[in-house]
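# Examination of the molecular architecture
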Amino acid sequence: MAAQITTGTSELRDITKMERIGAHSHIRGLGLDDRLEPRGNSQGMVGQAKARKAAGMVLKMVQEGRIAGRAILFAGPPSTGKTAIALGMAQTLGSDVPFTMIAASEVFSLSMSKTEALTQAIRRSIGVRIKEETEIIEGEVVEIQIDRSLTGATKTGKLTIKTTDMETIYDLGTKMIDALSKEKVLAGDVIVIDKTSGKVSKLGRSFARSRDYDAMGADTKFVQCPEGEIQKRKEVVHTVSLHEIDVINSRTQGFLALFAGDTGEIKPELRDQINTKVAEWREEGKAEIIPGVLFIDEVHMLDIECFSFLNRALENELSPLVIMASNRGMSRIRGTNVRSPHGLPVDLLDRVLIVSTKPYTEEDIQQIIQIRCEEEDVTLAPDALNVLTSMAGSTTLRYALNLISCAQVIARKRKADKVDVEDLRRAYTYFMDEKRSVQWLKEQQGSLVFEEISAVTVTSASDTPMPMGEAVDT
Ligand SMILES: Nc1ncnc2c1ncn2[C@@H]1O[C@H](COP(=O)(O)OP(=O)(O)OP(=O)(O)O)[C@@H](O)[C@H]1O
Ligand SMILES: [Mg+2]
């Protein structure tokens with residue numbers, strides 16, 4: 001069940017990628033080579049070499065799976081690629097290493113306590129790889145014989161199946177006959193039947209039948225007739241997260257809650273039982289723990305209670321790698337009046353490795369703009385690219401990236417297939433960036449409704465983002 005859930009989401013991701021373009025849809029990985037050196041421009045990633053390399057090293061530790069309970073903090077000014085790098089890491093991890101991404105403010109908006117929300121996020125980020133042995137029947141179909149009763153209500157039959165070494169006849173009941181006809185199994189097909197679930201799957205046509213033209217389509221796959229025994233034991237491996245095991249076993253909810261996302265609070269006793277069970281499976285060699293990654297974006301939005309909970313959680317043996325991102329300099333820790341670097345308490349900062357992201361150079365910005373244009377299917381005239389790059393320098397990278405699609409709408413209106421400098425200029429006048437908006441507010445003093453703020457709150461709540469151009473604001 002759970003294995004299907006994971007494959008299901010990856011398909012879903014592919015589909016959405018085709019349909020809509022998100023802010024980070026050009027990011028396909030970290031763009032590192034085998035020695036973890038960042039390539040200049042690869043997998044949609046440009047520049048920010050040190051942070052990317054650090055991210056690659058962290059991934060290496062996760063993939064080796066030996067380190068639990070580490071935390072990394074990406075700190076840097078807005079739009080320097082913190083979220084982008086985290087998404088690049090997610091794509092580099094294998095499909096069965098769990099990666100959970102939450103924005104810190106989600107913790108407050110769910111209908112459960114903050115610590116429960118964090119616990120669920122943590123347990124979602126730990127995978128359990130479970131090995132199971134199932135019995136299968138595998139072979140080439142020699143003959144299927146079906147006897148229908150006069151009314152047609154019941155069917156019985158016989159299936160003759162062979163390998164290169166033996167041949168056996170099985171009795172078929174109605175259910176198996178239906179399963180075989182649903183898969184359109186004919187004599188000459190090589191099939192696998194899972195004995196516990198009764199699921200039939202077709203592997204292909206046997207090479208011996210390659211001259212039977214009438215039973216062939218354009219996509220017919222030919223396979224060898226299997227060797228050895230017809231009944232075999234086979235090992236299947238699937239990965240589920242601890243959270244999925246929790247939900248499936250919480251009797252009030254059942255696994256359907258996984259689809260609804262409405263899992264409610266899960267009792268700590270149940271979690272203890274599951275931890276013990278998983279530990280037993282590990283001892284017996286049936287299961288393996290795969291510590292994954294929990295990414296908490298905008299981590300300064302967590303409050304002091306969440307931070308102290310995280311401190312403890314990181315020391316747990318069953319802890320994922322926690323990656324956080326913050327764009328704050330010195331700012332107030334939520335829930336207190338204490339100011340601290342990045343808005344994180346010092347005891348948590350002491351447990352994390354800090355990776356800083358720096359503002360981009362002009363060449364980097366130009367390349368990122370080009371990548372985004374390709375992604376959004378927009379052609380920029382060469383001088384428009386230069387103008388947009390310098391706009392990004394005077395405003396922000398994000399503002400410049402947002403202008404691309406606006407300028408394209410303007411270019412389309414005059415039926416041009418290329419975006420020109422003039423289109424960019426017009427988009428620039430229609431949409432303000434932050435700096436111009438502040439300027440405009442100053443000019444409008446008195447005509448908009450301004451909220452009066454007392455002097456006390458001004459001093460304590462000045463948690464401004466890091467300025468562009470410096471790493472830390474003290
Ligand atoms: N190195 C990079 N290569 C390619 N694209 C990038 C890179 N860095 C950032 N971008 C793109 O620039 C935009 C802004 O970056 P991002 O959202 O990652 O910034 P951030 O550091 O998370 O900012 P904030 O602190 O405001 O959340 C995104 O569209 C992102 O995909
Ligand atoms: Mg971000």
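Owing to the predicted nature of the structure, the values given are computational and were not obtained by experimental measurement. (Residues numbered from 1 in each chain as written. Chains lettered and ligands numbered in written order. Predicted model: local features only at pLDDT ≥ 70, side-chain atom pairs only at ≥ 80, totals over all residues. Heavy atoms only, no water.)

### Description of the overall build of the protein chain
Looking only at helices and strands, one finds 17 helices and 17 strands in the protein chain. A total of 474 residues make up the protein chain; the buried ones form 41% of that total. Within the protein chain, contacts between residues separated by at least 24 positions form 66% of all contacts whose residues are at least 6 apart in sequence. Counting every atom, the protein chain has about 26600 Å² of accessible surface; 52% of that belongs to carbon and sulfur. (Helix = DSSP H or I, 4+ residues; strand = E, 2+ residues; numbered from the N terminus. Buried < 20%, exposed > 50% of the residue type's maximum accessible area, 1.4 Å probe, protein only. Contact = heavy atoms within 4.5 Å. Areas by Shrake-Rupley, 256 points an atom, 1.4 Å probe, with all protein chains shown as cover.)

### A look at the sheet that holds strand β3 (residues 71-75)
The strand order across the open sheet formed by 5 strands is β4-β13-β14-β3-β17, and the pairing between neighbours is parallel. Since the sheet does not close on itself, it has two edges, and those belong to β4 (99-103) and β17 (352-356), each with one partner. Along the sheet, successive strands turn relative to each other by an average axial angle of 20 degrees, direction set aside. Where β3 and β17 come together, 5 bridges link them in parallel fashion. In the sheet register, I72 faces β17, and the bridge partner there is L353. (Pairing = 2+ DSSP bridges. Axes fitted to C-alpha atoms, helices over the stretch in contact; angles between N-to-C directions.)

### Section: the confidence of the model for the protein chain
Averaged over every residue, the pLDDT of the protein chain is 84; the share at 70 or more is 86%. Low confidence marks residues 469-474, where pLDDT is under 50. Its contacts with residues over four positions away, or in another chain, come to 8 contacts. (pLDDT = per-residue confidence, 0-100.)

### Some remarks on the site of ligand 1
Near ligand 1 you find 21 residues, and of these V46, K82, T83, Y360 and R398 are the closest. One of the backbone nitrogen or oxygen atoms of V46 is found 2.6 Å away from a nitrogen atom of ligand 1. S79 places a polar main-chain atom, nitrogen or oxygen, 2.8 Å from an oxygen atom of ligand 1. Protein coverage of the free-state accessible area of ligand 1, which is 620 Å², stands at 96%. Those elements giving two or more residues to the shell around ligand 1 turn out to be β2 (45-46), α3 (82-92) and α14 (397-413). Looking at the shell around ligand 1 residue by residue, the classes come out as 10 nonpolar, 8 polar and 3 charged. The residue makeup of the shell around ligand 1 includes at least three contributed by each of domain 1 (41-129 + 241-356) and domain 3 (362-444). (Near = heavy atom within 4 Å. Polar contact = N/O pair within 3.5 Å; in protein donor to acceptor, adjacent residues only side chain to side chain. Nonpolar A, V, L, I, M, F, W, Y, C, P; charged D, E, K, R; others polar. Domains from an automatic or database assignment.)

### Overview of helix α2 (residues 49-64)
For α2, built from 16 residues, the straight-helix expectation of 22 Å at 1.5 Å per residue is met to within 8% by its first-to-last C-alpha distance of 23 Å. A51, R52, A54, A55, G56, V58, L59 and V62 are the residues of α2 that are buried. G65 occupies a position one or two residues after α2 and carries a positive phi of about 70 degrees. (Expected span 1.5 Å × (residues − 1).)

### A word on the environment of G204
You can see G204 is positioned in strand β9 (residues 200-206). Here G204 falls in the buried class, since its relative accessible area comes to 10%. Distance from G204 to Q224, taken between C-alpha atoms, is 8.8 Å for residues 20 residues apart in sequence. Apart from residues lying up to four places away in sequence, G204 is in contact with G188, D189, V190, K221 and V223.

### Quick notes on the pattern of salt bridges
Following the criterion strictly, the structure yields 25 salt bridges and no others. In this structure, K202 engages D189 in a salt bridge whose closest nitrogen and oxygen atoms are separated by 3.6 Å. You can see K202 sitting in strand β9 and its partner D189 sitting in strand β8 (residues 189-194), a full 13 residues away along the chain. Given the relative accessible area of 36%, K202 is considered partly exposed. We classify D189 as buried; its relative accessible area is 2%. Across the pair E315 and R351 runs a salt bridge whose closest N-O atoms are separated by 2.8 Å. Of the two residues, E315 sits in the loop between α10 (304-314) and β14 (321-326) while R351 sits in the loop between α11 (346-349) and β17, which places them 36 residues apart along the sequence. Taken together, the shared-partner salt bridges in this structure form one network comprising E116, R123, D246 and R271. (Salt bridge = Lys/Arg side-chain N within 4 Å of Asp/Glu carboxyl O.)

### What to know about the pairing of strand β5 (residues 126-148)
Looking at chain direction, β5 and strand β12 (residues 287-291) are connected through 5 bridges and run antiparallel. Looking at the pairing, R129 lines up with E288 of β12. Across 11 bridges, the pairing between β5 and strand β11 (residues 231-241) is antiparallel. The residue of β11 that forms the bridge with E133 is E235. In this sheet, β8 lies alongside β5 in antiparallel orientation, the contact comprising 5 bridges. Looking at the pairing, G139 lines up with I191 of β8. Between β5 and strand β6 (residues 155-162), which follow one another and run antiparallel, lie 6 residues, and G152 among them has a positive phi close to 85 degrees.

### Re a nonpolar patch on the surface
Taken together, the side chains of M432, W440, L441, L448 and F450 make up a nonpolar region of the molecular surface, amounting to roughly 410 Å² of accessible area. The residue L448 is located in the loop between α16 (434-443) and α17 (455-460) in this model. For L448, a relative accessible area of 33% translates into the label partly exposed. (Patch = residues over 30% accessible without salt bridge, like charges linked within 9 Å, V, L, I, M, F, W, Y side chains within 5 Å.)

### Concerning the pairing of β14
Of all 6 residues that make up β14, 6 are buried, and the element is covered over most of its length. Two strands pair when backbone bridges link them, and β3 and β14 are joined in this way by 5 bridges, in the parallel orientation. Each bridged residue has a counterpart across the sheet, and for I72 the counterpart in β14 is I323. Examined bridge by bridge, strand β13 (residues 293-297) and β14 share 4 bridges and lie parallel to one another. Bridging from a neighbouring strand, F295 pairs with I323 of β14. In this view, the connection linking β13 to its parallel neighbour β14 by way of α10 has right-handed handedness. (Right-handed = clockwise from strand over helix to strand, strands pointing away.)

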